[in-house]
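# Chain and residue survey
Single-letter residue listing:
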Amino acid sequence: VANEFNKERSDRSLILCLRHLIAEYLRQHAHEPVALGAGASMDRGDLLTYESWAVAISGAKNIDDYCEQHVYVMNKDAADHV
């Protein structure tokens with residue numbers, strides 16, 4: 001089995017699937033806080049959401065734009081997605 005999946009095509013397929021899963025997660029949780037730090041409150045407007053994070057680090061218009069420009073693009077570093 002290892003020989004069947006130890007191929008570049010299989011690696012690329014797995015990476016593409018992971019990118020789609022990441023994009024789906026980001027879209028579903030776009031307006032949820034990334035993490036609640038000390039003293040942060042769900043009622044306050046200063047929470048860092050997944051969408052505000054994506055816009056801040058990339059200049060994208062929204063979470064969909066971020067996914068199109070950065071998550072789905074193959075052969076691009078995925079360090080921010082991990």
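In this numbering scheme, every chain counts its residues from 1 along its sequence in written order. Residues qualify for local features only when their pLDDT is at least 70, as the model is predicted, and side-chain atom pairs are given and counted only at 80 or more; totals for whole chains, interfaces and linings, by contrast, use all residues. Based on all heavy atoms of the structure, the side-chain values leave hydrogens and waters out of the count.

Nonpolar cores are built from buried Ala, Val, Leu, Ile, Met, Phe, Trp, Tyr and Cys residues. Side-chain atoms within 4.5 Å join them into one set. Each residue is placed in one exposure class: buried if its accessible area under a 1.4 Å probe, protein chains only, is under 20% of its type's maximum, exposed if it is over 50%, and partly exposed if it falls in between. Counting residues in hydrophobic clusters, the biggest one holds 11 residues: A23, L26, A30, Y50, W53, A54, A60, I63, Y66, C67 and V71. Secondary structure elements follow DSSP: runs of H or I no shorter than four residues count as helices, runs of E no shorter than two count as strands, and numbering proceeds from the N terminus. Mapped by element, the contributors of at least two residues to this core are α2 (8-28), α3 (50-58) and α4 (63-71). Per-element accounting of this core gives the leading share, four residues, to α4.

Moving on, we come to the confidence of the model for the chain. Mean pLDDT over the chain works out to 82, with 73% of the residues at or above the 70 mark. Of all secondary-structure elements in the chain, the lowest mean pLDDT belongs to helix α1 (residues 2-5), at 68, while α4 reaches the highest, 95. Note on scores: pLDDT gives the predictor's confidence for each residue, bounded by 0 and 100.

This paragraph deals with the packing of α3 against α4. Packed helices, taken two at a time, are described by the angle between their axes plus the distance between the axes. Fitted lines through C-alpha atoms serve as axes, helices being fitted only where they are in contact, and the angles separating the N-to-C directions of these axes extend from 0 to 180 degrees. Interhelical geometry of α3 versus α4 gives an angle of 50° and a closest axis separation of 9 Å. Comparing their axes, α4 and α3 come out oblique. You can see that α3 and α4 cross each other, and the crossing is left-handed. Residue-level inspection shows Y50, E51, W53, A54, I57 and S58 of α3 in contact with α4, the latter providing I63, Y66 and H70. When an angle is under 35 degrees it counts as roughly parallel; over 145 it counts as roughly antiparallel; between 65 and 115 it counts as roughly perpendicular; any other value is oblique. The crossing is said to be left-handed when, going from far helix to near helix, the turn is anticlockwise and less than a right angle, and right-handed when the turn is clockwise. Residues count as neighbours in contact if any of their non-hydrogen atoms are within 4.5 Å of one another.

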